[in-house]
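# Fold and contact review
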Amino acid sequence: MRQVTVLGSSGAFPEAGRACSGFVVDWDGYRLVLDLGYATLPRLLGHWPDGAVDAVVITHEHPDHCIDLHGLFRMRFYGDFRGPRLPLYCPPGVLDRISGLEPDVDLHAVFDLHPVPGNYRVGPFDLTGVALPHHVPNAGIRIQADGMALAYSGDTGPTPALAELGRDADLFIVEATDRDGETNRPTRNLLTSTEAGHWARRAGARRLMLTHFWPGNDRAAAVAAAQLEFDGVVLAAEEDLTVILGTPDR
């Protein structure tokens, strides 16, 4: 089994029945989590009731990308889990944010911290974290295994680094917030759907998945906008959607 499952797709705060940013890559039984925003942990447990994941990557400290890391900590710290510490790859600030909720307990009792940006061997993956522009330190993530590459932008403004992050990726997961007035801001820290399509095309990615939708946005319109720039397969991240890796179709 080599697939990615969407835990959440909303930006800023979850819509009814949805969750914020979160994905799980399952590669022959090795489970790598990419972000754990609001309401993602219950969805993760819906797929894997024991919460048995092998590593977690958090792109940045905003709570719509990391807050359910606190729930995962409590599950492992106070529950019956007796395994080794969980490898956690994240930029500076993530554990500081979570420790504000748990000041009397050392989070390192559960998490084995590795800073990103950086390059690591993580289970079957070569993992690369690349700095991308946002309001706080943010790392775009690229994982590679057996000739397959998956890339994930976290949150980002437009930057040529996106083309390298997603170079020839089988699946490029790109935020497409489409927040009103975004393109008029003097400093860009988020993308539109059209820009997501542009950078996926520049990267030469095979497939594009849009995510981090601003609550209330029309997702079909976002896909259509991305398709104006990108002629490959364009998917909208939807909670519990599973995409097989290494194939051109869902």
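All figures in this text were calculated on a predicted structure; none of them were measured in a lab. (Residues numbered from 1 in each chain as written. Predicted model: local features only at pLDDT ≥ 70, side-chain atom pairs only at ≥ 80, totals over all residues. Heavy atoms only, no water.)

Attention now goes to the state of the cysteines. Going through the model one piece at a time under the given rule, you end up with zero disulfides. Cys20 takes part in no disulfide bond, and the closest cysteine sulfur, belonging to Cys66, lies 11 Å away. According to the relative accessible area criterion, Cys20 is buried, its value standing at 0%. Here Cys66 stays free of any disulfide, with the sulfur of Cys90 as its closest cysteine sulfur at 8.8 Å. (Disulfide = S-S within 2.5 Å. Buried < 20%, exposed > 50% of the residue type's maximum accessible area, 1.4 Å probe, protein only.)

Read across the open sheet, the seven strands follow the order E6-E5-E4-E3-E2-E1-E14; overall the sheet is mixed. Each of the sheet's edge strands pairs with one partner strand only, and the pair in question is strand E6 (111-115) and strand E14 (242-244). Between one strand and the next, the sheet's axes are offset by a mean angle of 20 degrees, whatever the strand orientation. Strand direction decides the pairing type here: strand E1 (residues 2-8) and E14, joined by three bridges, are antiparallel. Across the sheet, the residue bridging to Thr5 is Thr242, located in E14. Its contacts with the sheet put helix H1 (residues 40-47) on E1, strand E2 (22-27) and strand E3 (30-36), and the angle it makes with E1 is roughly 140 degrees. (Pairing = 2+ DSSP bridges. Helix = DSSP H or I, 4+ residues; strand = E, 2+ residues; numbered from the N terminus. Axes fitted to C-alpha atoms, helices over the stretch in contact; angles between N-to-C directions. Contact = heavy atoms within 4.5 Å.)

Among all positions of H1, only Thr40, Leu41, Arg43 and Leu44 are buried. The buried residues of H1 all sit within an arc of 160 degrees when viewed along its axis, so they share a single face. Opposite the buried face of H1, by more than 90 degrees, sit the exposed residues Pro42 and Gly46. Considering only its buried residues, H1 is in contact with E1, E2, E3 and helix H3 (68-78). (Arc of directions from axis to C-beta.)

Read from one edge to the other, the open sheet built from seven strands follows the order E7-E8-E9-E10-E11-E12-E13, with strand pairing classed as mixed. Since the sheet does not close on itself, it has two edges, and those belong to strand E7 (118-122) and strand E13 (233-236), each with one partner. Sheet twist, expressed as the mean angle between neighbouring strand axes with direction ignored, is 20 degrees. Seen against the sheet, helix H7 (residues 219-227) touches strand E12 (207-211) and E13 and runs at an angle of roughly 155 degrees to E13.

Here we take up the nonpolar core. In terms of nonpolar packing, the biggest core is built from 30 residues, with Phe23, Val25, Leu32, Leu34, Leu150 and Met209 touching the most fellow members. Put simply, the parts of the chain that give this core at least two residues each are E1, E2, E3, strand E4 (55-57), strand E8 (125-132), strand E9 (138-145), strand E10 (148-152) and strand E11 (171-175). Examining the composition of this core, we find that four residues originate from one element, E9, more than from any other. (Core = buried A, V, L, I, M, F, W, Y, C linked by side-chain atoms within 4.5 Å.)

A few words on the pairing of E8. By the bridge criterion, five bridges tie E7 to E8 in an arrangement that is antiparallel. Paired with Arg121 across the strands is Asp126, a residue of E8. In this antiparallel pair of consecutive strands, E7 and E8, the connection spans two residues, and Gly123 shows a positive phi of 55 degrees. In terms of strand pairing, E8 meets E9 through seven bridges, oriented antiparallel. Each residue of the ladder has a partner; that of Asp126, found in E9, is Gln144. Between E8 and E9, which pair antiparallel in sequence order, lie five residues.

In this section: the UniProt feature "domain: Metallo-beta-lactamase" (unreviewed entry) in the protein. The sites that UniProt annotates as "domain: Metallo-beta-lactamase" (unreviewed entry) are residues 19-198. For residues 19-198, the helix share is 22%, the strand share is 32%, and the end-to-end C-alpha distance is 26 Å. (UniProt positions renumbered as here; feature names shortened; annotations may be inferred.)

What the rule picks out here adds up to 20 salt bridges. Notably, a salt bridge pairs Arg201 with Glu229, separated by 3.1 Å at the nearest N-O pair. Here Arg201 is found in helix H6 (residues 193-203), whereas its partner Glu229 is found in the loop between H7 and E13, with 28 residues between them in sequence. Note on Arg201: relative accessible area 43%, which makes it partly exposed. (Salt bridge = Lys/Arg side-chain N within 4 Å of Asp/Glu carboxyl O.)

Once that is clear, we can look at the environment of Phe23. Relative to the assigned elements, Phe23 resides in strand E2. Here the alpha-carbon distance between Phe23 and Ile173, two residues 150 residues apart in the chain, equals 9.8 Å.

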